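Coordinate inspection notes
Spelled out, the chains give:
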Amino acid sequence: MSPRQKPSISKRGEVVALRPERELQQIGKSVLRVAKLRGVPETEVHIEENIYALTRFANNGIHQHVAEQGLVISIRTVAQGRSARVTTNKNDEDAFGAAIDDCLSLASHQPADSKLLPLLGRQRYRPVRRFDERTASLAAEERARAVKSACQLAEKRGQVAAGIFASGQNQSVLVNSRGLASAYRHTSATFSVTMQQGSAASWAKANSPNVGTFHPLELARIASEKAARAENPIELEPGRYTVILEPSAVLDLAGFLFYDFAATAVADKRSCFAGRVGKAIFGKNITIVDDVYHPQQCGAPFDGEGVPRQRVVLVDRGVVTSLVYSRRSAKEARRRPTGHGFPLPNEYGEAPFNLVFVGGQTPVEEMVRRTERGLLVTRFWYIREVDPYEKVMTGMTRDGLFLVEKGKIVAAVRNFRFNQSVLEMLRNVECLGPAERATGEEAFEMVVPPMKIRDFHFSEVTKF
Amino acid sequence: MWDYCGRSLDVARLRGATYSDVRVMHLRQRDLTTKSGRVGTLGQSESIGLGIRVVANGAWGFASTDQLTPAGVAGCAAQAVAVARSSALAKKESVQLAAEGTYVDSWQGPCRKDPFEMPLEAQVDLLLRADGEMRKVKGVTLSETDLQFRKIDTWFASSAGSKIHQRRVISGCGIVATSFGKDGIQKRSYPNSFGGQHILGGYELIEAMELLRHAPRVGEEAVRLHSAGQCPEKTGTLILGGSQLGLQIHESVGHPIELDRVLGQEANFAGTSFLTLDKLHNLRYASAIVNVVADARAEHGPGLGTFAYDDEGVPAQRIEVIRDGEFHGYLSSRETAHKIGLTRSGGTMRTEGWNRLPMIRMTNISLLPGTWTLDDLIADTDDGILMDTNRSWSIDDRRYQFQFSTEIGWEIKGGKKGRMLKNPSYSGITTEFWNSCDAISNADEWVLWGTPNCGKGQPMQVMGTGHGASPARFRQVKIGTAFSNQ
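Residues numbered from 1 in each chain as written. Chains lettered and ligands numbered in written order. Predicted model: local features only at pLDDT ≥ 70, side-chain atom pairs only at ≥ 80, totals over all residues.

Describing the overall build of chain B
- Assigned secondary structure in chain B consists of 9 helices and 24 strands.
- Counting only residues that meet the buried cut, chain B has 63% of its 486 residues in that class. (Helix = DSSP H or I, 4+ residues; strand = E, 2+ residues; numbered from the N terminus. Buried ≥ 20, exposed ≤ 12 C-beta atoms within 10 Å, placed from the backbone.)

Shown next as C-alpha cells:
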C-alpha cells in the first residue's frame, strides 16, 4: 500500500484527520527496507504527524489565526559503534535513501563509541487513551465562537481580553530493524485568557487531551473577576513572606526540577541532587512520582528508544529515592532503564516528563482562611536559574498578587521579583491542596497541588 | 517553488482573499556537540513546506502544509481563507496594510565558507580537541562544546506582485567548562553562554573564534571561581562586558519597542510594554551618550537580524530607536505602522519557518559605540565591578524591572582590574539603568552578538536576533541582590 499524499480536508478547507497508523508503519517499513538495501546493520525510524490550529485574540478580537499540518521522518543508523540522526519531512524513497546516506556519512566521521548499545527489540506497552474525537475535529469556527464569548464578557465588564484557543492532534510511530514497533496518538486543547482592567490583569488557563473537560467562558470569568480585584495595587516592602501558590505557580517553579532527576545529570554533577540522592532534601509532606499512566497525565508510554515508561517514585516523603534512567545511564549505574531516555544520539540522557506531586486536603480558599498574613500568587513569570546547585530561581509574580490578612484577601499588591531556592521552598511547605493537572508558561503540564509556603523570598518590587 | 507560490496565491484570490502572501521555505540544520570527550549530538535535519497568509472578510488567516503538490498547496490556500473567514466572526477591526512597493529580487547573505561543505571530520576533531583542553584542567567536572549551522532558503511572493528569494546561512559555536566543587557549581563559557556566538555567515566564524586557544582559560576560570570572593551586595558602579550588554539591550530595549507588544497583542503570553504610545518622541530613555538602532541592513554587519527583505516583503531598514538618549522608534509591521502615524512598515516581520506566521521581531538592535577604550574606561573607574558572560536573565512582563547574573566578575579598585568575583548579579529598572550609563567603549570593542534563542508568539517561535555592543559603564546600580538573604 502506498502512503496517501495528503490527510483528509473538510469542505471548509480544514485538515481534520491524521493518517491511519498503518500508513505511518508503512513509511517506517519503507525506510527500513531502503536502509537494508544499503547494508546498514541497524536502523531506527521515528515518524511523527501533527495537525494543529490556534486562534489568538487580543484587544477583544481575533488578530491571529493559524493552522498547520506536517509529517516528520527521523532516521537513526547504528553501524560499527557509530550513530547519527537525520530528519526530513520529505516522504518518498529517494528522500529516505538520501537521509540514510547522510546519516552514515555523519556517523562515519566520529570515533567509535564502545558504550553504544544495539537497538532495542520488540517490547510490550501498557495502553493509554489520550485521543478524543471531538477535540480532534474542533473547527476554526467553534474556536472563534468561544473566543467571541470571552471577548463579549470582557467588553461587558469594561475589560480587555487576550489569549488563545488551540486544538490539535498528533501521532508518532517508532520502529526499528530489530522488530520494535510502537505507536501513540493524542489530542490536545488549550484555552488561555488574560483579562485586563485598567493597568491590572489576571489570567486563567487549562490544557487537556479532551476539550470537554474545561469551559473557556468559565476560565474567562475567573480571570475577569481576579482582574477586577487586582486594580489599585499597594506596594509592600520586599522580604520573606508566607505565600499561597496556586497550582500554575507551583508548576512553573517546581517544574524546573525535572531534569535534576536525570541519572545523567547527576553523573555529570550538574544536578542539584548530585551527592544528595538518598537524603532528606525536602519536607516530609513532599512526595513526587513520574507517572505517564496517571489519569491526568499525557504522553506516550515509551521513550525515545522505545523502552516502556515505568512509574518511578522520585521523592518519598522528602527523600530523593530514585532517578530516571535511559538504557545507557542504567547500564552505567547497573540499574534497569526506566523508560525516560531521549532519542539518540544526545548528551542529556533522560528526563521525567510526567511529574505528579502528591497533594493534600486543603483547598486554596481554606489556605487563605487559615493565613494570618501572606500573599496569594496566581502565577510566576520569566523564571530562570540563578544557582544550579541550591536551585535558586529568580522570576516575577504576574497577573494577580494579593495580600491576605486575617484569613481574607484585603488588597492587590505590586508585583515582586523573587530569588528563592526551590529546595528550601519544598522544605517550607505548610500545607498542600488537592493535586490537579496544571498548566503554565514556563514548565510543561504536570499534576501539582496548590501549596502554602513560609518564608518565601521576594527581593525587589516593580512598578505595577 | 514559484509555481507553488503562484498556485496558492491564485486559489486564495479565487476563494475571496483580498490580500495574500506566501512563503516556501527550505530549512537545513546541522548540530554537533561533545560532552566530556565524547560526541553527544550528531544530527542533521531538513524541512520544506509552504505557509500562506491571507486577508478575507477583513481578517487574517494562515495555513501551512508540507504537501508540495498542486493539490496540497491549493488545499492549504483554501484552508487559510476558511480560517480567515472564521476569524472575521470575532474581529475587532478590519486589517489595514501600509502601502509597500513590489519587488522581484534575489539575495544571499554573507557566507565565505559553506559549513555544510566543510569536512565534517575536521569539525568533530575541533570540538573533541577543545573539549579535551578544558578537561585537562584539574577540577573541571564537565566539558561541553557545540557547533550549529543553518541554511534557510525563502521564496516569498505576494498578491501585490513581489517575488523575492533569500538565502541565509547561520553559523554558531561555543564551549563550556563546568566545575562542581565544595561550594556548588561554577561555569565558564566562550565566546558566550547558552550556545556561544552566532552570526549570519559561514565556517569563517568558527575559525575566527579560536576555540582551542580559549579552552584552557575557560577551564581554569571555571575552577578558580570556587575560590574567588563572593560578589558583594551594594549599590555602585558596574561595567558590563559586550556579550552581557548585548542581552541587556535585547531584554530592556529590544522587547519593549516591539509594537505588537505595545498594542496589547502579546498580553496573554510575552507580555506588554511600558513604552506606551504616548512615550514616542517623549521619553528620556537613556543618558545622552546612548544611541540605539534597529538595523537589518547588510551594512550593519552579519547579524542574526540581517536580511534584505522581511517576511512580508518589506526592504531591510535602519530605525533610530534611541537618539542621544531620547526614545524615537518602535519595531513595526505593515499592519501596525499606521497606529504610530507611519505610512510605511519598519520591516521587522519575521517567521521561524514555513509553518509559522510572520510577526514583529527584533532585527539587529544595537548600541552604537562610544569613544572610550576599555582600558581607559577601567582606568577611569575608582571603585566598581566588571561583569561578563550571562548566567541568568529575567525581566517583568512590561519590561521595567530586570535582574541578570553573570558567570564571572572582577573587582575594579583605583582604576585597576583586581580580584575575581563569583556569583555576580545586578538588577534595576530599565529607564533608570540606561540613564545611568556614563561611558561606552569605542568601535574597536564593538561586537555584533547573536542571540539565537529568542522565544515569542503562540505557537512559540524561536528567532535569532543581533545585538551590537561594546563594554559600557553604569553608575549607582544595585549589585548582588540575586544571592542576598539566601
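There is more to say, and it comes next.
Describing the overall build of chain A
- Of regular secondary structure, chain A possesses 10 helices and 21 strands.
- Relative to the 2.2 N^0.38 estimate, which gives 23 Å for 464 residues, the radius of gyration of chain A is 24 Å and therefore close to what a compact globule would have.
- Principal-axis analysis of the C-alpha atoms gives chain A an extent of 75 × 60 × 35 Å.
- Counting over 464 residues, chain A shows a buried share of 57%. (Rg over C-alpha atoms; globule rule 2.2 N^0.38 Å.)

Some thoughts on the sheet that holds strand β12 (residues 318-323) of chain B
All names here are of chain B.
- One open sheet holds the 4 strands; their spatial order is β13-β12-β11-β16, and the pairing between them is antiparallel. Single-partner strands in this sheet number two, and they are β13 (326-327) and β16 (365-367).
- Here strand β11 (residues 292-295) runs beside β16; their pairing, made up of 3 bridges, is antiparallel. Paired with A294 across the strands is I365, a residue of β16.
- Contacts between helix α6 (residues 242-254) and the sheet are confined to β11, β12 and β16, with β16 contributing the most and set at about 120° to the helix. (Pairing = 2+ DSSP bridges. Contact = placed C-beta atoms within 7 Å. Axes fitted to C-alpha atoms, helices over the stretch in contact; angles between N-to-C directions.)

Considering the pairing of strand β5 (residues 82-88) of chain A
Residues and elements named next belong to chain A.
- Among the 7 residues of β5, 7 are classified as buried, and the element is accordingly described as predominantly covered.
- Here β5 shows two buried faces, one formed by R82, A84, V86 and T88 and the other by S83, R85 and T87.
- In this antiparallel pair of consecutive strands, strand β4 (residues 61-79) and β5, the connection spans 2 residues, and Q80 shows a positive phi of 50°.

Focus: the domain arrangement of chain A
Residue and element names in this part refer to chain A.
- Segmenting chain A into domains produces domain 1 (8-211) and domain 2 (232-464).
- The straight-line distance from the C-alpha centre of domain 1 to that of domain 2 is 26 Å.
- With 31 residues of domain 1 at the contact, the number on the domain 2 side is 24 residues.
- A total of 8 residues in the side of domain 1 that touches domain 2 trace back to one element, the largest contributor, which is strand β8 (residues 200-208). (Domains from an automatic or database assignment.)

Some words on the nonpolar core
- Membership of the largest hydrophobic core comes to 270 residues, with the highest contact counts inside it found for A161(A), V193(A), A77(B), A80(B) and V81(B).
- Ranked by residues supplied to this core, first place goes to helix α2 (residues 70-87) of chain B with 10 residues. (Core = buried A, V, L, I, M, F, W, Y, C linked by C-beta atoms within 7 Å.)

Thoughts on the packing of helix α4 (residues 140-156) of chain A against α2(B)
- Where α4(A) meets α2(B), the axes come as close as 9 Å, and the angle between the chain directions of the two elements is 20°. With respect to their mutual orientation, α4(A) and α2(B) come out roughly parallel. Considering how the two elements wind past one another, α4(A) and α2(B) form a crossing that is right-handed. Contacts between α4(A) and α2(B) involve A140(A), E141(A) and A144(A) from the first element and A82(B), V83(B), S86(B) and S87(B) from the second.
- For the contact of α4(A) with α2(B), the per-class residue count stands at 4 nonpolar, 2 polar and 1 charged. (Parallel < 35°, antiparallel > 145°, perpendicular 65-115°, else oblique. Left-handed = near helix turned anticlockwise from the far one by under 90°. Nonpolar A, V, L, I, M, F, W, Y, C, P; charged D, E, K, R; others polar.)

Section: the domain arrangement of chain B
Residues and elements named next belong to chain B.
- For chain B, the assigned domains read domain 1 (2-227) and domain 2 (230-483).
- Distance from the C-alpha centre of domain 1 to the C-alpha centre of domain 2: 21 Å.
- With 47 residues of domain 1 at the interface, the matching set in domain 2 holds 38 residues.
- Taken together, the residues of the side of domain 1 that touches domain 2 break down into 19 nonpolar, 18 polar and 10 charged.

Digging into the interface of chain B and chain A
- The interface is formed by 74 residues belonging to chain B together with 84 residues belonging to chain A.
- In terms of residue count, strand β2 (residues 38-56) of chain B provides more of the side of chain B that touches chain A than any other element does, 12 residues in total.
- For the side of chain B that touches chain A, a count of residues per class yields 28 nonpolar, 36 polar and 10 charged.

Some thoughts on the pairing of strand β15 (residues 392-405) of chain A
Residue and element names in this part refer to chain A.
- With 12 of 14 residues buried, β15 is to be regarded as a mostly interior element.
- Relative to β15, strand β14 (residues 373-387) runs antiparallel, the two being bridged by 11 bridges. When the bridges of β15 are listed, V377 appears paired with L401.
- Hairpin connection, β14 to β15: the antiparallel pair is bridged by 4 residues, and K391 has positive phi, about 55°.

Digging into helix α5 (residues 216-229) of chain A
All names here are of chain A.
- Taking 1.5 Å as the rise per residue, α5 with 14 residues should run 20 Å; its terminal C-alpha atoms sit 20 Å apart, in good agreement.
- Looking only at α5, the buried set comprises P216, L219, A220, A223, S224, K226 and A227.
- Residues of α5 that are buried sit in contact with α4, β6 (160-176), β7 (181-197), β8, β14 and β15. (Expected span 1.5 Å × (residues − 1).)

Quick word on the packing of α4(A) against α5(A)
Residues and elements named next belong to chain A.
- In the contact formed by α4 and α5, the axes pass within 9 Å of each other and the chain directions differ by 25°. Our classification of the angle between α4 and α5 gives roughly parallel. The two elements α4 and α5 cross, and the hand of that crossing is right-handed. Only P216, L217, A220, R221 and S224 of α5 make contact with α4, whose side of the interface consists of A146, S149, A150, L153 and A154.
- Residue composition of the contact of α4 with α5, grouped by class: 7 nonpolar, 2 polar and 1 charged.

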